[in-house]
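# Per-entry structural report
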Amino acid sequence: MISMDRLTMSFREISAWITLISVLICFGVYFGSLVTGQVHAPSFATLHLLLVCVGALVVLQVGLHAVAARLTPLAARAVRDEREQLIQMRARGLGYYVLMAGVLALTIPGHMEGSKIDLLNFALLDVVVASLVVSAAQIVMFRRGV
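The structure contained in this document is the topic of the report that follows. Given the structure is predicted, the values throughout are model-derived calculations rather than measurements.

Reading guide: rules and limits
Residues numbered from 1 in each chain as written. Predicted model: local features only at pLDDT ≥ 70, side-chain atom pairs only at ≥ 80, totals over all residues. Heavy atoms only, no water. Patch = residues over 30% accessible without salt bridge, like charges linked within 9 Å, V, L, I, M, F, W, Y side chains within 5 Å. Areas by Shrake-Rupley, 256 points an atom, 1.4 Å probe, with all protein chains shown as cover. Salt bridge = Lys/Arg side-chain N within 4 Å of Asp/Glu carboxyl O. Helix = DSSP H or I, 4+ residues; strand = E, 2+ residues; numbered from the N terminus. Buried < 20%, exposed > 50% of the residue type's maximum accessible area, 1.4 Å probe, protein only. Expected span 1.5 Å × (residues − 1). Contact = heavy atoms within 4.5 Å. Phe/Tyr/Trp six-rings, centres within 6.5 Å; stacked < 30°, edge-to-face > 60°.

### What to know about a nonpolar patch on the surface
- Taken together, the side chains of Met9, Trp17, Ile21, Ile25 and Val29 define a hydrophobic patch exposed on the protein surface, amounting to about 440 Å² of accessible area.
- Positionally, Ile21 belongs in helix α2 (residues 11-36).
- With relative accessibility at 43%, the residue Ile21 sits in the partly exposed group.

### Focus: helix α7 (residues 116-144)
- With 29 residues, α7 extends 42 Å from end C-alpha to end C-alpha; this agrees with the ideal 42 Å at 1.5 Å per step.
- Of all the residues in α7, the buried ones are Asn121, Asp126, Val128, Ala130, Leu132, Val134, Ser135, Ala137, Gln138, Ile139, Met141 and Phe142.
- Considering only its buried residues, α7 is in contact with α2 and α5 (82-105).
- Downstream of α7 by one or two residues, Gly145 has phi in the positive range, about 85°.

### Comments concerning the packing of aromatic side chains
- In total, this model carries three aromatic pairs according to the counting rule given.
- With a centroid separation of 6.4 Å and an interplanar angle of 35°, the aromatic rings of Phe27 and Phe31 are classed as tilted. In this pair, Phe27 and Phe31 are both assigned in helix α2, four residues apart and thus about one turn of the helix distant.
- With relative accessibility at 8%, the residue Phe27 sits in the buried group.
- Taking the relative accessible area as the measure of exposure, Phe31 reaches 15% and is therefore buried.
- A centroid spacing of 5.1 Å and a plane angle of 70° characterise the contact between Tyr30 and Phe31, whose relative ring orientation is edge-to-face.
- By way of ring pairs, the aromatic residues Phe27, Tyr30 and Phe31 are connected into one cluster.

### Details of the pattern of salt bridges
- The full count for this structure, using the stated rule, is two salt bridges.
- Here Arg12 and Glu84 are joined by a salt bridge, their closest N and O atoms 3.9 Å apart. Here Glu84 lies in helix α5 and Arg12 lies in helix α2, a separation of 72 residues in the sequence.
- The exposure class of Arg12 is buried, given its relative accessible area of 13%.
- Among the residues examined, Glu84 registers a relative accessible area of 13% and is labelled buried.
- With a closest N to O distance of 2.7 Å, Arg143 and Glu13 form a salt bridge. Of this pair, Arg143 sits in helix α7 while Glu13 sits in helix α2, and the two are 130 residues apart along the sequence.
- Owing to a relative accessible area of 24%, Arg143 belongs among the partly exposed residues under this scheme.
- What makes Glu13 buried here is its relative accessible area of 2%.

Quick look at the structure:
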């Protein structure tokens, strides 16, 4: 049986879910179109798709955070407590290590016969994966009650 307190979420957890889902959708479209060959890098179509995806990410994040703030106005304006600060610190620490591993792994495509655009796309992928790790870690820690 699920207790009711496990079903309620704090504004910070809602924010982490918003980030996780919006980043997955927006950059899933971008990297999915690169992998499937719908858009060929390097081209202006790739740049335009990237700009549209980043614009969609901004609109989604701002819009969904505004809705969440409207639904929980007191929680949205509340100062982070010690637990929320600890969760944020731990999650960002995990994201940092993932980002550093991704940056170090850039030496692999850097030494292969790829274009500069491919290298930049791998760097962007590293940032996206690190962002997803931070959001997922926050969600897990909020759910576990860390």
